[in-house]
Amino acid sequence: LLHEQALEIQTAIGSRQGQSIVLANLALIPAEQGHPEARPLYERTLILKRELGGAKELARTLGNFGVWYAGQGHLAEARSCYEQAIALIRTTSDRRLLGVTLGNLAELLGDAGESQAAFNTCEEALAIHREAENRPFEGVSLSILASLHAALGRFDEARSAYQQALLIHRRVLDRRNEAIT
């Protein structure tokens, strides 16, 4: 309700930037719950973000939309969002966002059965997280790498990557990812 009121206010004062921020936040709520109402909110947000420019914010919205599409089982649409986001992020200096988005793409490629592309993408994400000293997402990338190895029956490699991920999750006190690793 507060976000809807905020959207009305931003619209009334003609703030396209404000509208895009509120719409992006509004989309997160149904997206987290897997509801289809997220789609039109993301679509409206993308229109505004494209009008306003700003590669990083547009890329962030595309990445979130990709996560939603992936959760809905729409892998082609999710991949398109991730690839567009990655292309935009590469024009910025945001290495962390690049690593996160590459990790999302790697997981999707693994789900789609594109093992080599998934490994390459995951290795790139892992290298970026290590370079940026982004330990929480280094752990997430190692978990993705482990699941890719496990899917191919490479259980020793999977175990090693899971153990490294678990150690990182414990060190950074990431209980959620510790629990699922």
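Parameters and conventions
- Residues numbered from 1 in each chain as written.
- Predicted model: local features only at pLDDT ≥ 70, side-chain atom pairs only at ≥ 80, totals over all residues.
- Heavy atoms only, no water.
- Helix = DSSP H or I, 4+ residues; strand = E, 2+ residues; numbered from the N terminus.
- Expected span 1.5 Å × (residues − 1).
- Buried < 20%, exposed > 50% of the residue type's maximum accessible area, 1.4 Å probe, protein only.
- Contact = heavy atoms within 4.5 Å.
- Polar contact = N/O pair within 3.5 Å; in protein donor to acceptor, adjacent residues only side chain to side chain.
- pLDDT = per-residue confidence, 0-100.

**Focus: helix 6 (residues 95-111)**
Its 17 residues give helix 6 an end-to-end C-alpha distance of 24 Å, which sits within 8% of 24 Å, the value for a rise of 1.5 Å per residue. Turning to helix 6, its buried residues number three or more, namely L97, L98, G99, T101, L102, G103, L105, A106, L108 and L109. Where helix 6 is buried, its residues contact helix 4 (55-71), helix 5 (75-89), helix 7 (115-131) and helix 8 (135-151). A distance of 3.3 Å separates the backbone nitrogen of R96 from a side-chain oxygen at the start of helix 6, and that oxygen is part of D94.

**Topic: helix 4**
The terminal C-alpha atoms of helix 4 lie 24 Å apart, and with 17 residues this matches the ideal 24 Å at 1.5 Å per residue to within 8%. Residues of helix 4 that are buried: L58, A59, T61, L62, G63, F65, G66, W68 and Y69.

**Some details on the confidence of the model for the protein**
In the predicted model, the protein carries a mean pLDDT of 94, and 99% of its residues have values of at least 70. Per-element averaging of pLDDT across the protein places helix 1 (residues 2-12) at the bottom with 85 and helix 5 at the top with 98.

**A look at the side chain of S141**
If you trace the backbone, S141 turns up in helix 8. Residues contacting S141, with those up to four places away along its chain left out, are C122, A125, L126 and H129.

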